[in-house]
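Fold and geometry: a report
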Amino acid sequence: MRFIETRGNDGEKASKVTFSEAILSPSASFGGLYVPEGLPSLNLSFLQKHITSHYKDLVIDFIRHFEIEIEEGIIREAVDRYDCFDDPDNPVPLSQIEEDCFVSELYHGPTRAFKDMALLPFGYILSKLAQQRGEQYLIMAATSGDTGPATLETFKDQPNVKVVCLYPSGGTSDVQRLQMVTEDSGNLKVIGVKGNFDDTQNSLKALLASAEFKDELASRQIKLSAANSVNFGRILFQIIYHIHSYLELIRQGKIVPGDEIYLVVPSGNFGNALGAYYAKKSGLPIRKILIASNSNNILTDLITKGVYDMTARELILTESPAMDILKSSNVERTLFDKFGASRTKELMESLENKGKYHLTSDELRRLREDFDATFSDDILCEKEIAKYAKKGYIMDPHTSTCMRAYHDLRVDKLPTVIYSTAEWTKFSPTVAKALGYNASGDLDALGWVSSHANRGVSDSIKALFDKEIRHTAIVEKNSIKDEMLTFL
Ligand SMILES: *Cc1c(COP(=O)(O)O)cnc(C)c1O
């Protein structure tokens, strides 16, 4: 399988690259992204074959069908990293919360958010490739709070890779910030940026595109890569858990192979949703992918009206901060898949130059063949958290954005999988508030919710509050480069 470019080729870069090339240097011509030339086809016999498979074996076989050039032994070692999840035999449990509604819990890894699902194996593969090539890489991650900890976790002490992680100062929870600033490995650097997540991500994109910055790195023999979901190496691993959810429903006797289901994806940068889309295109029987947003509901407008307009919006800080995003990077890959490179280039240039684009009514119709969308504000999310807590299920505020999509968007009452992208412990003050208690901080909230709802808090979260703070830098956007070069 080769990888092609979403905005066409500029005549300088190769027009097709290998998987290794796409993940080591993820920026394609004209600022576009790499996408696979095709997708494997998952027929019913693939599903039948994996009904009793371990999650890791499903991953390995799926990737075999993807035909990338990475040795299978490396893939195997990469997925062995799932052994550190709560239950190594079942790293992604599926819990039932309604007759026809199931929660796929993607957060049972070390940083308690779903970013571990993709970043853990991806980080291992990237470091291996760097070692095989004898090259040194700098990974720059912009995080709204969950990518950062997971990126640091996956690369800590890994050879041939250094990580600089940028987070919006004040834009993360205490737990998220502590997960980053207490990391003490010599190849990791964490910098707080004064601004919101879009500012942070834009600074990162500008640096990644800057020739001057690349020259400075080249003089130090360092190459640049990225670990956010612009990197296809992450998307690959995000296709697989959608297949796993489907298989879990079969195992639990809720569907038979071939039955259609709905998926509800709480979305920000659209990586998770794109994984679902690729799974659907590969043949997984998904009726529709329902996109859940918070009050930053730009994706709702895109999918219901065909309008992507950032000019009329300011980023709103919500209680589901990992979804506080206006420029949602992976929408581009979906546009490419539906409308081709030249139209994608036109739309993305319009977004960059005018801050907006409009789909034609035919394009909107095609998008809606696979997607529908809605959003929930904080008040609604808190209500849903309280409602399910009464029934004995504690969900985090990102997961709770899914409930309105589940209630309002389904045309037929098909079994529905909603994705839980974070454990409640990462956003405990909001969960406490939803249950009627105003906590003074994460520690207070963790204690209150855990005794009120009789839930344990994992040791890794508890330990954060006693760890030494190693990274104290908080800088203006224009000082990021200097701060990084000092570290390097
Ligand atoms: C990253 C994240 C999301 C958004 O996922 P995308 O793939 O960027 O759409 C949602 N919830 C949580 C908790 C996250 O960490």
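Scope of this entry: the structure provided in the associated data block.

Parameters and conventions
Residues numbered from 1 in each chain as written. Predicted model: local features only at pLDDT ≥ 70, side-chain atom pairs only at ≥ 80, totals over all residues. Heavy atoms only, no water. Helix = DSSP H or I, 4+ residues; strand = E, 2+ residues; numbered from the N terminus. Rg over C-alpha atoms; globule rule 2.2 N^0.38 Å. Contact = heavy atoms within 4.5 Å. Areas by Shrake-Rupley, 256 points an atom, 1.4 Å probe, with all protein chains shown as cover. Lys, Arg positive; Asp, Glu negative; His and termini not counted. Charge placed at Lys NZ, Arg CZ, Asp CG, Glu CD. Near = heavy atom within 4 Å. Polar contact = N/O pair within 3.5 Å; in protein donor to acceptor, adjacent residues only side chain to side chain. Nonpolar A, V, L, I, M, F, W, Y, C, P; charged D, E, K, R; others polar. Pairing = 2+ DSSP bridges. Buried < 20%, exposed > 50% of the residue type's maximum accessible area, 1.4 Å probe, protein only. Phe/Tyr/Trp six-rings, centres within 6.5 Å; stacked < 30°, edge-to-face > 60°. Lys NZ or Arg CZ within 6 Å of the ring centre and 35° of its normal. Salt bridge = Lys/Arg side-chain N within 4 Å of Asp/Glu carboxyl O.

This next bit is on the overall build of the protein chain. Tallying secondary structure elements over the protein chain gives 22 helices and 15 strands in all. Its C-alpha atoms give the protein chain a radius of gyration of 21 Å, near enough to 23 Å, the size a compact globule of 488 residues would have. Considering only contacts in the protein chain between residues 6 or more positions apart, those separated by 24 or more positions represent 75%. Carbon together with sulfur atoms contributes 46% to the accessible area of the protein chain, which is approximately 17800 Å² in total. The distance from the centre of the 56 positive side-chain charges to the centre of the 68 negative ones in the protein chain is 3 Å.

Quick look at the site of the ligand now. As a matter of local geometry, the ligand sits amid 15 residues, with Lys115, Asp146, Gly268, Asn269 and Thr421 nearest to it. Contact distances for the ligand include 2.8 Å between an oxygen atom and a backbone N or O atom of Asn269. Contact distances for the ligand include 2.9 Å between an oxygen atom and a backbone N or O atom of Asn272. For the ligand, whose unbound accessible area comes to 380 Å², protein coverage reaches 97%. Of the residues contributing to the shell around the ligand, the split by class is six nonpolar, seven polar and two charged.

Across the sheet, five strands lie side by side as E8-E5-E6-E7-E15; this open sheet has parallel pairing. One side of each edge strand has no neighbouring strand; the edge strands of this open sheet are strand E8 (222-226) and strand E15 (474-475). Here strand E5 (residues 136-142) runs beside E8; their pairing, made up of five bridges, is parallel. The partner of Leu138 across the bridge, within E8, is Leu224.

Time to look at helix H12 (residues 298-305). The periodicity of an α-helix, 3.6 residues per turn, causes residues three or four positions apart to be oriented the same way. The buried fraction of H12 amounts to six of the eight residues, a majority that puts the element mostly inside the structure. Turning to H12, its buried residues number three or more, namely Ile298, Leu299, Thr300, Asp301, Leu302 and Ile303. Residues of H12 that are buried in the fold lie against strand E10 (286-293), strand E11 (307-309), helix H13 (331-339), strand E12 (356-358), helix H15 (361-368) and strand E13 (371-375). A positive phi of about 80° marks Gly306, the residue just after H12.

Summarising the element assignment, Asn228 is placed in the loop between E8 and helix H10 (232-251). According to the relative accessible area criterion, Asn228 is buried, its value standing at 4%.

The next thing to look at is the packing of aromatic side chains. Applying the stated criterion across every chain yields a total of 15 aromatic pairs. Residues Phe3 and Phe19 carry aromatic rings whose centres are separated by 5.8 Å and whose planes lie at 50° to one another, so their mutual orientation is tilted. Of this pair, Phe3 sits in strand E1 (residues 3-5) while Phe19 sits in helix H1 (residues 19-24); the two residues are 16 residues apart in sequence, bridging distant segments of the chain. For the residue pair Phe3 and Phe19, the accessibility class agrees, reading buried in each case. Feature note: the residues Phe3, Phe19, Phe62, Phe66, Phe232, Phe270, Tyr277, Tyr278 and Phe371 constitute an aromatic cluster, connected by ring pairs. Over the ring of Phe30 we find Lys345, and its NZ or CZ is 4.4 Å from the ring centre.

Judged by how many residues are buried, strand E4 (residues 101-105) sits mostly within the fold: five of five residues are covered. Going residue by residue along E4, you find Cys101, Val103 and Glu105 tucked away on one face and Phe102 and Ser104 tucked away on the opposite face as well. Two elements, strand E3 (residues 94-98) and E4, share four bridges in a ladder whose sense is antiparallel. Each bridged residue has a counterpart across the sheet, and for Gln96 the counterpart in E4 is Phe102. Two successive antiparallel strands, E3 and E4, enclose a turn made up of two residues.

Across all of its chains, the model carries 44 salt bridges by this definition. A salt bridge links Glu183 to Lys156; the shortest N-O distance between them is 4.0 Å. Of this pair, Glu183 sits in the loop between helix H7 (174-181) and strand E7 (188-193) while Lys156 sits in the loop between helix H6 (147-155) and strand E6 (161-168), and the two are 27 residues apart along the sequence. By relative accessible area, Lys156 is classed as partly exposed at 30%. One continuous salt-bridge network, built from bridges that share partners, spans Lys49, Asp61, Arg64, Glu72 and Arg76.

Right, let's get into the environment of Cys101. Along the chain, Cys101 turns up in strand E4. Expressed as a C-alpha distance, the spacing of Cys101 and Arg112, which sit 11 residues apart in the sequence, is 22 Å. Other than its neighbours up to four places away in sequence, Cys101 contacts Ser95, Gln96, Met403, Tyr406, Thr416 and Ile418.

Further remarks concern the pairing of strand E14 (residues 416-420). With respect to burial, E14 is a largely interior element, five of its five residues being buried. Side chains Thr416, Ile418 and Ser420 project from E14 onto one buried face, and the interleaved Val417 and Tyr419 project onto a second face that is buried too. Two strands pair when backbone bridges link them, and E4 and E14 are joined in this way by five bridges, in the parallel orientation. From the neighbouring strand, Ser104 faces E14, where its bridge partner is Tyr419. The pairing of strand E9 (residues 261-266) with E14 spans three bridges and is parallel.

Moving on, we come to the side chain of Thr6. The residue Thr6 is located in the loop between E1 and H1 in this model. With relative accessibility at 0%, the residue Thr6 sits in the buried group. There is a polar contact of 2.8 Å between the side chain of Thr6 and the backbone nitrogen of Leu33. Side-chain polar atoms of Thr6 contact the side chain of Glu332, separated by 2.7 Å. Dropping the residues within four chain positions of it, Thr6 is found in contact with Gly32, Leu33, Val35, Glu332, Arg333, Phe336, Ala341 and Thr344.

That is the geometry; function is a separate question.
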